[in-house]
Amino acid sequence: MTAQIPLWVIPAFPLLGAILLGVIALARTKSEQPAPEAYIGALAVFFPLCSFVLTVIFALGLPNSGLTQQMLGLPGMAALSSGSAYAETLGTWIAVGNFKITFGFLFDSLAKVMLLFITGITTLIVLYSLGYMKGDKGYTRFLCYLNLFLFSMIVLVLADSLPLTFLGWEGVGLCSYLLVGFWNKDRLSCKAANKAFLVNRVGDVGFLLGMLVLIAVGGTTLLNYANLNEWLLLVQPQGALAYILALAALFLFFACTGKSAQIPLLTWLPDAMAGPTPVSALIHAATMVTAGIYLMARLAPLFVFSPGILDLVLLIAVGTALWAAVTGLMQHDIKKVLAYSTISQLGFMFMAVGAGAFNVAIFHVFTHAFTKAALFLGAGSVMHALGGEQDIRKMGGLAKKLPSTFLIMLLAWASLIGLPGLACFWSKDLILESLRFEGAGSLLFYVAVFTAFLTAVYMTRLMVLVFFGKFRGTNSLAEKTHESPIVMQIPMWILAVGCVFAGYTSLFRLGDSTMYIAVLGSGAAILGLVFAGIYFSKKIPKYSGHSELAGFVKTWTFAFDTLNFIAVILPVRIAALVLGWVNDFLRLTMQMVAAIPHICAGGLRFMQANKLRMQLALTILCVVILVYWLLIFIR
Amino acid sequence: MLVLFLFIAPFICSCLMLTSSRRDAKASFKMGLLCTALPLALASALLAMGGQETGSYTWFSLLGISIDFSLHCFGLSLWMVWLTTLLSFLAFIYSRAALGFGIREFAIGLLALEGTIIGAFLSTQNIVQFLFFFEAMILPAAIMIALHGGLKRRNAVLVFVIYTLAGSIPLVFAALYLVAKAGSVNILALVETLKILPLSTQISLLIAFSLTFAVKTPLFPLHSWQGITYSEAPYPLSAVLSGAMAKVGVFGFAVWVIPIFFDLLLKYNIYFISIALFSMLYGALLALRQTNIKRLLAFSSLSHLSFAVAGLFCLGDVAVAGVAVLLVGHGLTAGGLFFLGGIAQKWTGSTNIKNFGAFASTNPVYASIFGFIAIAAIAVPSTIGFVGEFLILHGLFNSGYAFFAIIGGIGIILSAAYMLRLIKCVLFGPVPEKERAGISLSPLEGAAAIPIIILILYFGLHPAPILSSFF
């Protein structure tokens, strides 16, 4: 059945949706009447749903053997010939002489896993947005951007070569920019959007350079994943070649730190929370930020053959996870807590990558997507109920008022901190497992366990402050508090079910875990839970009148912002200032040169003065000279 | 024959415009539309044919050297000519909104300018002929600035004329010296003659040629004429100046400097790349600080065209093809932004981007078009800019100094920084108190942006038409 459907249909649906909704949004700008939300909403959900259904059809067509470590290395001819992948080439993109880049799609086990949850969760979140964005002036525009995002994300994942992945990569970055700055009357949103785009852009240049290194090594054919992996397995690079490949791997990893918010390019993600909450759930938690992990899994052989790079990845991952967990502990904004939690969890995924367990990383991407999406949507539901309040110090006791949201978030919370049996427990356990037997030393393993403990602490703090105790907001707000509409609740419940069962999927084939690591991991979670539960139900942080951070908390939270400012922004500003002076100097000298004809003209005008006597005197003088000269000449 | 028609058409149309009504602006606008559309139609037909050349006619002869006249329209020339006619056509459409008066005079000047620019692009064999058009294009541009320019137009005209005329002196002398030595004006003869000259003379000639084209492009530190000229010229003219005329500088590097001095450049190209890349960073950093939209776009042009020059001096075929794509892309994006900037100025009565803002809320259609073109200027993949930048970066990486690619990368990041700042200032922010109800994009102006958008996407996804004219 799947043989008849071409792969490009999967991204074509949301693209069509985006174009259609975009045209509607633009066409209706003049009319005072708001757009009919029901029709537009139905349209907006229809296209992602089609993609999801198609993905399922394709997935069923593939022999389901579960994603294994070996398969990541072989998305090429081996997979194709064994019938466990679909591939198609659409046409040429850039062709100059030997330089040849094509459009092509590849649907293998990795793409299958990614696409299933991407299209599925996007459909759910678009559905949720129908309720969340109801009445907003930019309703249609918002849904158009979501469809455009889904298109870019599908292209990113489904591409069979680096340049096409890059198209999706920058496409999702662009959509993220548009959606973070969605409420563009607010200058802060615009600033956050610009920051998100720019920081990602820095990483993207790494992507470009990484591709250039690969082209230099073996021509543009190496940009194709299948060719690259086959070539690597054939050549088994050693020595100098391996170090050149390590350079490519380093550049590409740099790009991943941008998209997946790792040290040093992580500062944009917390700011990106300025966007509407469904966006935070979809783009900045579940899908786009995992693109970095996807890319590294896609290029697994390259990273394996690059000496030293995976150790660096591991180090950065552990550092990021720990730093973000500590930061999450100190935030008062419900979305900021979740944002830092996302950074920390992405750190866990990169730990698995650093340890060489690429399939485990993707497994955590999968389980985390459900969990974090549910948490964010829950947070959105809380904010929706409280009229946009985000400060957790002003919440409390919401369990009774929002029972459904509470239950959903409880499940997601239990999954995220890794209570045994729930989705993230399985993946986190395997990450710890892979770290334990990695040569990088057991210190990192214990840091990871400690970070898992911290995860439990900050998540429990969040839950206690939001749902337990007494309501600490104003009375008028307490009366208005209401549960979200059904259209928002359905997707949340589906995701909550995912939080419970996503760990039992047959999409992966993973190793068994050791008992004591499972005990250690869940022990850390339970310890953190109990500690935070007792501590924060007694000591509730007081709302001090302003929501800005201060003192050490501020220094710690903005450590990397400060670092980026000193290392990048300040030098750029100074250079711009100095060059501005240079430019003024050049302009001044030019003005002086330009003034020369002015001065000459002025002088001549003086000679040609319109004073009669002067004119007459000059004429007489000239005549005298002329006559004198003539006399001499004649004689 | 078609290429000859194309060459003559703007001049004839310019004369035809003289007959149009001075009083009835509507009638002269319609006539101007036809007159600017004709060269575009001819250029498009030529594009479809894949280029053409004329035979050699004797023009005049001087000191025993016979100077021929011939037109050649292939590869880079073809695309630049097409871009020039397209931009002139669009510039005329937008001129009705941007200019308060004198549509007829603007059309006459614009067509004359278009003709001379096309003349320069078509003169790829004969250096005297090239020089003729290279100098000639300054005149109509200066007259148009003087007629329609801003408050400081006198100063601008003076700076523009003196700077660019003085800038071409080195080329005139160097070219005449070479011609006298060779006894011919043909490029092949010049290439052969250069080889027998002593090295020091060769280097002096190279520097002289480069100085002139560096003024025209412009490259740092010879760019000072650009800021004031672009900012005093009316918006549609700025679009043509940056989108078409400035490219004669890059074109000069590609068609004269590199073929004539190729052997020399194999050794010395690193200096050219360094200067061009520095110029790129310089333009981008200065663009970051500008508040005048025209100056911002002027420095953005400086940055982009410097990058194109850097790509040329990689001396690789792939990079040169990339440069062609980048130039077409830059013409579309820079031209588009100048056009739309002019509309914003008409609405707000200001050139300061701090006074714009909130068009996304008040004029979503305008904001979408502006936003799209500005994002395309950042060279996001699937737009034409990406193809050019990627190919040029590839050229820089393989120029023997891979480090250059990183500098180019920094320039690309900075270009995003100033463009995003521009978008933020022009489109976003709180809606100002002043009433903006009455303003909206006219259907004609909106429709004129459609070809820009379509071409940006089309060449971004399918650059083969441009690339294949190089291989």
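Residues numbered from 1 in each chain as written. Chains lettered and ligands numbered in written order. Predicted model: local features only at pLDDT ≥ 70, side-chain atom pairs only at ≥ 80, totals over all residues.

A.B. asks: Run through the overall build of chain B, naming residues and quoting values.
C.D. replies: What chain B contains, in helices and strands, is 20 helices and four strands. The C-alpha radius of gyration of chain B comes to 21 Å, within 12% of the 23 Å expected for a compact globule of 471 residues. Dimensions of chain B, computed from C-alpha atoms along their principal axes, come out at roughly 70 × 55 × 40 Å. Counting contacts in chain B only where the partners sit at least 6 residues apart, residues at least 24 apart contribute 80% of the total. (Helix = DSSP H or I, 4+ residues; strand = E, 2+ residues; numbered from the N terminus. Rg over C-alpha atoms; globule rule 2.2 N^0.38 Å. Contact = placed C-beta atoms within 7 Å.)

A.B. asks: Explain the domain arrangement of chain B to me, and be specific about the residues and the numbers.
C.D. replies: All names here are of chain B. You can read the domains of chain B as domain 1 (1-260) and domain 2 (262-471). Placing the centre of domain 1 and that of domain 2 at their C-alpha centroids yields a distance of 22 Å. Counting residues at the interface gives 37 residues for domain 1 and 41 residues for domain 2. Sorting the residues of the side of domain 1 that touches domain 2 by element identifies α3 (75-98), α9 (199-216), α10 (224-232) and α11 (235-260) as the ones contributing at least two each. The class makeup of the residues in the side of domain 1 that touches domain 2 is 26 nonpolar, 10 polar and one charged. (Domains from an automatic or database assignment. Nonpolar A, V, L, I, M, F, W, Y, C, P; charged D, E, K, R; others polar.)

A.B. asks: Describe the interface of chain A and chain B, listing the residues and the values that go with them.
C.D. replies: Contacts between the two partners involve 40 residues from chain A and, on the opposite side, 50 residues from chain B. Elements supplying a minimum of two residues to the side of chain A that touches chain B: β1 (86-96), α7 (162-180), α8 (187-218) and α26 (559-607) of chain A. Element by element, the count of residues in the side of chain A that touches chain B is highest for α8 of chain A, at 13 residues. Counted by class, the side of chain A that touches chain B contains 27 nonpolar, eight polar and five charged residues.

A.B. asks: Which residues make up the pairing of strand β2 (residues 99-107) of chain A, and what values do they have?
C.D. replies: Look at any regular strand and the pattern is simple: side chains alternate between the two faces of the sheet. Residues and elements named next belong to chain A. Judged by how many residues are buried, β2 sits mostly within the fold: seven of nine residues are covered. Bridge analysis of β1 against β2 gives nine bridges, and the strand direction is antiparallel. Considered in β2, the bridge of Thr-89 is made with Gly-104. The turn linking β1 back onto β2 is made up of two residues, and Gly-97 within it adopts a positive phi angle of 55°. (Buried ≥ 20, exposed ≤ 12 C-beta atoms within 10 Å, placed from the backbone. Pairing = 2+ DSSP bridges.)

A.B. asks: For the pairing of strand β2 (residues 57-62) of chain B, give the residues involved together with the corresponding values.
C.D. replies: Residue and element names in this part refer to chain B. The buried fraction of β2 is low, at zero of six residues. Sheet topology places β2 next to strand β3 (residues 65-69); five bridges connect them, and they run antiparallel. Its bridge partner being in β3, Tyr-57 is matched across the sheet by Phe-69. With antiparallel pairing between neighbouring strands as the criterion, β2 and β3 make up a hairpin whose turn holds two residues, including Leu-63 at a positive phi of roughly 50°.

A.B. asks: An account of the environment of Ala-43 of chain B is needed here, citing residue identities and associated values.
C.D. replies: Residue and element names in this part refer to chain B. Counting through the fold element by element, Ala-43 comes out in helix α2 (residues 25-49). As a C-alpha pair, Ala-43 and Leu-171 span 128 residues in sequence and 29 Å in three-dimensional space. Ignoring any residue separated from it by four or fewer positions in sequence, one finds Ala-43 in contact with Leu-6, Val-81, Trp-82 and Thr-85.

A.B. asks: Tell me about the packing of α8 of chain A against helix α18 (residues 403-427) of chain B, and please be specific about residues and values.
C.D. replies: Packing of α8 of chain A against α18 of chain B brings their axes to within 10 Å, and their N-to-C directions diverge by 160°. It follows from the interaxial angle that α8 of chain A and α18 of chain B lie roughly antiparallel. As α8 of chain A runs across α18 of chain B, the sense of the crossing is right-handed. Counted together, Cys-190, Asn-194, Phe-197, Leu-198, Arg-201, Val-202, Val-205, Leu-208, Leu-209 and Leu-212 of chain A of α8 of chain A and Ala-405, Ile-406, Gly-409, Ile-412, Ile-413, Ala-416, Ala-417, Leu-420 and Lys-424 of chain B of α18 of chain B form the full contact between these two elements. (Axes fitted to C-alpha atoms, helices over the stretch in contact; angles between N-to-C directions. Parallel < 35°, antiparallel > 145°, perpendicular 65-115°, else oblique. Left-handed = near helix turned anticlockwise from the far one by under 90°.)

A.B. asks: Just give me the short version of the domain arrangement of chain A, but keep the residues and values in it.
C.D. replies: By the assigned domains, chain A splits into domain 1 (308-543) and domain 2 (568-634). In this structure, domain 1 of chain A and domain 2 of chain A have C-alpha centres spaced 76 Å apart.

A.B. asks: I'd like a description of the confidence of the model for chain A, backed by residues and values.
C.D. replies: Low-confidence regions, as indicated by low pLDDT, have predicted coordinates that should not be scrutinised in detail. Considering every residue of chain A, the mean pLDDT works out to 86; 90% of them sit at 70 or more. Per-element mean pLDDT across chain A ranges from 58 in helix α4 (residues 77-81) of chain A up to 94 in α7 of chain A. (pLDDT = per-residue confidence, 0-100.)

A.B. asks: Pulling in residues and values, what's your account of the packing of helix α4 (residues 103-122) of chain B against helix α6 (residues 138-148) of chain B?
C.D. replies: All names here are of chain B. It is the contact of α4 with α6, at a shortest axis distance of 9 Å, that shows an interaxial angle of 155°. In terms of axis orientation, α4 runs roughly antiparallel to α6. Once α4 is placed against α6, the crossing between them reads as left-handed. Residues Glu-105, Phe-106, Gly-109, Ala-112, Leu-113 and Thr-116 of α4 pack against Pro-140, Ala-141, Ile-143, Met-144, Leu-147 and His-148 of α6.

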